[in-house]
Amino acid sequence: MNLFSYDSPLSRFLYFIADIVTLHILWVIHSLPVITVGASTTALYYSCMKRIRTGEGYVTKNFRKSFKENFKQSTIIWLILVITGLLFSIDIRFSIALNNTMGQIMLISCSVFLIPFILLSLYIFPVQAKFENTIFQNIKNALIMSVRHFFFSLFLIAIYLTIFFLGISFPPFIGLFLCCGAGLTAYLTSNIFIFIFRKYIPEELEHDLEVSGKKF
């Protein structure tokens, strides 16, 4: 086999790297207005999951398609998360500032509600990218999945924390993250979401194998 042929392992690896970098750049550009972070994150997961599932390499086309189709719902979800996150931040700071029993009670209560918020934040945009539902239904489904698949939720948190700590303790990793951080993170976590979602769409695996030309 020619080392540089389209189907060679080296070529497939180079195409993979190119797609990861492309997705990262697309996510950064479309997230610059800040208010569009939700839509760009949904598009990132849509493109990444589709590439993993079928080997389809049209990541730019898929990204723009998802960004346009999910813009309204993803933006509303993003604003809900931002506002809720700010409220949590204010409550926690106020609880700490009280420095008394009431403050401790408020801090514990806030922490209890913070857990489902974190779980929702992990799942909501992949769910939005995958399922066509109302905002409320996708939020509900994201919460249910995050609890039902709690082991995978912990695994997702571990991935994000590992990337974060590598970024602050291993300087060379910062350069890698600036080049392809969003794409790489989405790729690593998309594999987990694909596994989870297939439990709800069992026929998807057969369809993906058919499209990609693979066999059982």
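Note: the structure precedes this text.
What this report covers is the structure whose coordinates are included nearby. (Residues numbered from 1 in each chain as written. Predicted model: local features only at pLDDT ≥ 70, side-chain atom pairs only at ≥ 80, totals over all residues. Heavy atoms only, no water.)

Observations regarding the layout of surface pockets
Stage number 1. There is about 680 Å³ of room inside the largest pocket.
Stage number 2. Trp27, Thr41, Tyr45, Tyr160 and Thr185 are, among the 27 residues lining the largest pocket, the residues nearest its centre.
Stage number 3. Elements that contribute at least two residues to the lining of the largest pocket include exactly helix 1 (9-31), helix 2 (37-54), helix 4 (71-98), helix 5 (101-130), helix 7 (150-169) and helix 8 (171-197).
Stage number 4. No other element matches the seven residues that helix 8 contributes to the lining of the largest pocket.
Stage number 5. Each residue belonging to the lining of the largest pocket can be placed in one class, and the counts come to 20 nonpolar, seven polar and no charged. (1 Å grid on protein atoms, 1.4 Å probe; cavity = no way out; pocket = protein on both sides within 12 Å on 5 of 7 lines; lining within 4 Å. Points joined across faces, edges and corners; volume = space filled by probe spheres on them. Helix = DSSP H or I, 4+ residues; strand = E, 2+ residues; numbered from the N terminus. Nonpolar A, V, L, I, M, F, W, Y, C, P; charged D, E, K, R; others polar.)

Some points on a nonpolar patch on the surface
Stage number 1. Taken together, the side chains of Ile35, Leu79, Ile83, Leu87 and Ile90 make up a nonpolar region of the molecular surface, amounting to roughly 460 Å² of accessible area.
Stage number 2. Among the structural elements, Ile35 can be located in the loop between helix 1 and helix 2. (Patch = residues over 30% accessible without salt bridge, like charges linked within 9 Å, V, L, I, M, F, W, Y side chains within 5 Å. Areas by Shrake-Rupley, 256 points an atom, 1.4 Å probe, with all protein chains shown as cover. Salt bridge = Lys/Arg side-chain N within 4 Å of Asp/Glu carboxyl O.)

A few points about empty space enclosed by the protein
Stage number 1. The final tally for this structure, using the stated rule, is one cavity of 30 Å³ or more.
Stage number 2. Approximately 40 Å³ is the volume found for the largest cavity.
Stage number 3. Together, Ile163, Phe173, Leu176, Phe177, Gly181, Leu184 and Thr185 line the largest cavity.
Stage number 4. By residue number, the principal contributor to the lining of the largest cavity is helix 8, which donates six residues.
Stage number 5. Of the residues in the lining of the largest cavity, the class split is five nonpolar, two polar and no charged.

Some remarks on helix 3 (residues 59-69)
Stage number 1. Taken as a whole, helix 3 has its buried residues at Val59, Asn62, Phe63, Ser66 and Phe67. Down the axis of helix 3, the buried side of the element spans an arc of 130 degrees, and every buried residue falls inside it. Residues of helix 3 that are exposed and point more than 90 degrees away from the buried face comprise Lys61, Arg64, Lys68 and Glu69.
Stage number 2. Summarising the contacts, the buried residues of helix 3 are in contact with helix 1, helix 2 and helix 4. (Buried < 20%, exposed > 50% of the residue type's maximum accessible area, 1.4 Å probe, protein only. Arc of directions from axis to C-beta. Contact = heavy atoms within 4.5 Å.)

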